[in-house]
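# Examining the three-dimensional arrangement
As a plain string of letters, each chain reads:
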Number of protein chains: 2
Amino acid sequence: MRQRRETASGAALAEGVIAGDRRALAKAITLIESARPEDVADAEALFQRILPKTGGAIRLGLSGPPGAGKSTFIEAFGRYLTGQGLTVAVLAIDPSSRRSGGSILGDKTRMEQLARDPKAFIRPSPSGGSLGGVARRTHETVLLVEAAGFDVVIVETVGVGQSETAVADMVDMFVLLASPGAGDDLQGIKRGIMELADLVVVNKADGDLLPAARRAASDIQSALHLMRPKTPYWTAEIALASALKGEGLPAIWEAIGRYREAMDKSGALAALRNEQRLSWFRSELHEGLDGALAARAGEAVAKAEAEVKAGRLTPATAARQLLEAVFGKM
Amino acid sequence: MRQRRETASGAALAEGVIAGDRRALAKAITLIESARPEDVADAEALFQRILPKTGGAIRLGLSGPPGAGKSTFIEAFGRYLTGQGLTVAVLAIDPSSRRSGGSILGDKTRMEQLARDPKAFIRPSPSGGSLGGVARRTHETVLLVEAAGFDVVIVETVGVGQSETAVADMVDMFVLLASPGAGDDLQGIKRGIMELADLVVVNKADGDLLPAARRAASDIQSALHLMRPKTPYWTAEIALASALKGEGLPAIWEAIGRYREAMDKSGALAALRNEQRLSWFRSELHEGLDGALAARAGEAVAKAEAEVKAGRLTPATAARQLLEAVFGKM
């Protein structure tokens, strides 16, 4: 009986989500963030129902170093989009966050106007857990807000560890926000992030900082010039903006539209999403296999690692011996 | 009897390798490239013996786009080093290679003088196999040439697919070779490679190309400037060189020396090598686990992938169901 009731509750939530009911959406997200076994079954029933309704939004990743003005930018850009009649969901990914209830208030406070906008939906990062776990739940939340009919999904990363790569692996287009620092320098962009970008927005291009922003844009242009494009169908672009003054936002939305059209027409967007699904599947498999290994032979794993660290066994030998002990000769 | 004889043969080869016997070294490399089960046991006995003798060389990775002059550079730089009394081993990593015996001739022909140099040892990429397999065997070969007493190991990649990352994961220092193209442009450096570099060498800085090489160096300097350093103990440097004329080589060797000293003194080199060993171990485990899964449930894996591709199951659900079917409830 319990099993049936809960499956029904997953399916019932799905109907609410698809109908665009915000309360159902919030409940559904809470459900997928739960680790309780009975909730896992419920969440799977939910996805079974909503999966056919997903895929309709443009999925944007947004990253940038602290101080680039991410919150102000999302607030301004989100308000610009809702002003165009579009609905916008903002999700955050932050594996470092140990936030509890108060966090929602935190995220809603830093984007106060957008949080009150009926055409917008802001959801903070799922709290705690490994990057893999946080990324999975965020990826699943993208599917949920799509099923709820949102036109634009913005997945924001605070730029801790490998979170940008995790975000790039779940979005259609990656936007890097930069800003000129006190001097002519850009504020520190992490290594390896620049080449994830399909669009770089130099924010704070206003007032005294305008000349520095222009120089920064030109520096970034030369840097991008040194990198091969991610896809033959799109060359990374640069835009200047002032989130504070609301300037440059239409040009950014236009660039996103051009990207989407080029990727869609060529079939590259469908291929990218397909590859992302498979890559997500592979990392779920790896996490599960790691879990199985830890559960069956946690001590042996630790011992093998110690041998490798001490240089007493090569990694290949240590791994072979360990796997043979657990799974038998392969 | 067979088992004992072969283990003895692995140990005997080890003595030859440690004594610096080139024939034993070549045989040992052939042994670790073999996939025959009896050779695996032999190879493990070999490593058991040589592991304490490893770690003495400076391990350099070298990459660059086709046309940057990698062979000419390695020939000139290798000859410069042997001229200083140092011994140099050159290994190649090329997962696309389907070379057989002829390949050795190929690699030795493109570095003809170095190949004849008694202080140098050139070994082509292990043929065929996945990048993971090729990388493992190359990594093991680094250990072998170290045990044989070589001072400098250069691991060259032809820059196919993810091979640069694989090389960066097994060396102390990553050198990127670039060259000015016909115009002012750099010849295409792949995305994501620039930020692996601890040192960028702009080759062909001679004759008519000198001004273009200088401009290229300055462009690269600005690009590097936008990236955070890989380690707090070293900021990526740029050097101009002409492999053809043998110019700029001492400055490159000096930069390598300064890098090594900074990384060594701070303990960062030991930490890096430790992390590399553990990361190698983890990828061996993942490969082994993938293999176990494919062996036990190859069809189920393919079916789950098809469901994920078709969007009928989320990757998380598909992976959970698959792992549960194979390993039981976890």
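Residues numbered from 1 in each chain as written. Chains lettered and ligands numbered in written order. Predicted model: local features only at pLDDT ≥ 70, side-chain atom pairs only at ≥ 80, totals over all residues. Heavy atoms only, no water.

Glancing now at the overall build of chain A. Along the backbone of chain A there are 12 helices and seven strands. Per-residue burial for chain A yields a buried fraction of 52% across its 330 residues. Sequence-distant contacts in chain A: of pairs separated by 6 or more residues, those separated by 24 or more amount to 76%. Surface summary for chain A: the accessible area is close to 14,100 Å², and the carbon and sulfur share equals 53%. (Helix = DSSP H or I, 4+ residues; strand = E, 2+ residues; numbered from the N terminus. Buried < 20%, exposed > 50% of the residue type's maximum accessible area, 1.4 Å probe, protein only. Contact = heavy atoms within 4.5 Å. Areas by Shrake-Rupley, 256 points an atom, 1.4 Å probe, with all protein chains shown as cover.)

Glancing now at the sheet that holds strand β6 (residues 199-202) of chain A. Strands pair in a sheet through their backbones, by hydrogen bonds, and they do so in one of two ways: parallel or antiparallel. Residues and elements named next belong to chain A. The strand order across the open sheet built from seven strands is β3-β2-β4-β1-β5-β6-β7, with neighbouring strands paired in parallel fashion. Edge strands, defined here as strands with exactly one partner in the open sheet, are β3 (120-123) and β7 (237-240). Put simply, the sheet's adjacent strands are angled 20° from each other on average, direction ignored. Bridging between β6 and β7 involves four bridges; their strand directions are parallel. Within β7, the position partnered with Val 200 by the bridge is Ile 238. Contacts from helix α4 (residues 70-83) reach β1 (58-63), β2 (88-93), β3, β4 (152-157), β5 (173-178) and β6 within the one sheet, and its direction differs from that of β4 by about 180°. Packed on one face of the sheet, helix α7 (residues 131-147) meets β1, β2, β3 and β4 and runs near 175° to β2. (Pairing = 2+ DSSP bridges. Axes fitted to C-alpha atoms, helices over the stretch in contact; angles between N-to-C directions.)

By a frequent convention, interface size equals the accessible area lost on bringing the separate parts together. On the side of chain B, 62 residues touch chain A, which itself brings 62 residues to the contact. A buried area of about 5,600 Å², summed over both sides, lies between chain A and chain B, and 66% of it is on carbon and sulfur atoms. Viewed at the interface, chain B and chain A are joined by two salt bridges. Taken together, chain A and chain B are joined by eight residue pairs in polar contact (both at pLDDT 80 or more). The set of elements that each furnish at least two residues to the side of chain A that touches chain B consists of α3 (37-50), α7, α9 (210-225), α11 (268-309) and α12 (315-327) of chain A. Considering every element that reaches the side of chain A that touches chain B, the biggest residue donor is α11(A), with 19 residues. Here the residues of the side of chain A that touches chain B sort into 33 nonpolar, 11 polar and 18 charged. (Buried area = accessible area lost by both parts, 1.4 Å probe. Salt bridge = Lys/Arg side-chain N within 4 Å of Asp/Glu carboxyl O. Polar contact = N/O pair within 3.5 Å; in protein donor to acceptor, adjacent residues only side chain to side chain. Nonpolar A, V, L, I, M, F, W, Y, C, P; charged D, E, K, R; others polar.)

A few words on the domain arrangement of chain A. Each assigned domain of chain A is listed with its residue range as follows: domain 1 (1-52), domain 2 (54-266) and domain 3 (278-327). A straight line from the C-alpha centre of domain 1 of chain A to that of domain 3 of chain A covers 34 Å. (Domains from an automatic or database assignment.)

With that settled, consider the relation of the copies chain A and chain B. For the pair of chain copies, the relating transformation is a rotation about an axis with a translation along it. Screw-axis analysis of chain A against chain B gives a translation of 0.1 Å along the axis, an RMSD of 0.1 Å, and a rotation angle of 180°. When the rotation and shift are considered jointly, the pair of chain copies conforms to a two-fold rotation axis. Taking the C-alpha atom as reference, chain A places Ala223(A) closest to the rotation axis, 2.4 Å from it. With an isologous cut-off of 70% or more, the 100% of interface residues of chain A that recur at the interface of chain B puts this contact in the isologous class. (Least-squares fit on C-alpha atoms with pLDDT ≥ 70 in both.)

Time to look at the packing of aromatic side chains. Residues and elements named next belong to chain B. Taken as a whole and assessed by the stated rule, the structure comprises 10 aromatic pairs over all chains. Here Phe 73 and Phe 77 contribute two aromatic rings whose centre-to-centre distance is 5.5 Å and whose plane-to-plane angle is 15°, an arrangement assigned as stacked. With Phe 73 and Phe 77 both in helix α4 (residues 70-83) and four residues apart, the pair spans about one turn of that helix. The class of Phe 77 is buried, set by a relative accessible area of 3%. (Phe/Tyr/Trp six-rings, centres within 6.5 Å; stacked < 30°, edge-to-face > 60°.)

Looking now at unusual backbone geometry. All names here are of chain A. Positive phi values are uncommon outside glycine, yet Lys 204 reaches one of about 65°. Tracing the backbone through its elements, the reader meets Lys 204 in the loop between β6 and α9. Its relative accessible area of 27% is what places Lys 204 among the partly exposed residues.

Here the focus is the pairing of strand β3 (residues 120-123) of chain B. Residues and elements named next belong to chain B. Across the two faces of β3 the burial is the same, with Ala 120 and Ile 122 and Phe 121 and Arg 123 all buried. The pairing of strand β2 (residues 88-93) with β3 spans four bridges and is classified as parallel. Note that in β3 the partner of Ala 89 across the bridge is Phe 121.

Moving on to the pattern of salt bridges. Residue and element names in this part refer to chain B. According to the stated counting rule, one finds 30 salt bridges over all chains in the structure shown. With a closest N to O distance of 3.7 Å, Arg 116 and Glu 112 form a salt bridge. With Arg 116 and Glu 112 both in helix α6 (residues 112-116) and four residues apart, the pair spans about one turn of that helix. Judged by relative accessible area, Glu 112 falls into the partly exposed class, the value being 45%. For the salt bridge of Asp 172 with Arg 273, the shortest nitrogen-to-oxygen distance reads 2.7 Å. Taken as a pair, Asp 172 in the loop between α8 (163-168) and β5 (173-178) and Arg 273 in helix α11 (residues 268-309) lie far apart in primary sequence, 101 residues in all.

All names here are of chain B. One open sheet holds the seven strands; their spatial order is β3-β2-β4-β1-β5-β6-β7, and the pairing between them is parallel. On the outer flanks of this sheet lie β3 and β7 (237-240), each paired with one strand and no other. Each adjacent strand pair in this sheet contributes to an overall mean axis angle of 20°, direction not counted. Inspection of the sheet shows β5 paired to strand β6 (residues 199-202) by four bridges, in the parallel sense. Residue Val 175 lies in a different strand from β6, and its bridge partner there is Leu 199. Sheet strands touched by α4: β1 (58-63), β2, β3, β4 (152-157), β5 and β6. Its angle to β4, the strand with the most contacts, is close to 180°.

Residues and elements named next belong to chain A. Note that Leu 25 resides in helix α2 (residues 22-33). Each C-alpha atom, one on Leu 25 and one on Thr 141, is 9.3 Å from the other, the two residues being 116 residues apart in sequence. If we ignore the near neighbours within four places in the chain, the residues touching Leu 25 are Val 17, Phe 121, Leu 144, Val 145, Ala 148 and Phe 150.

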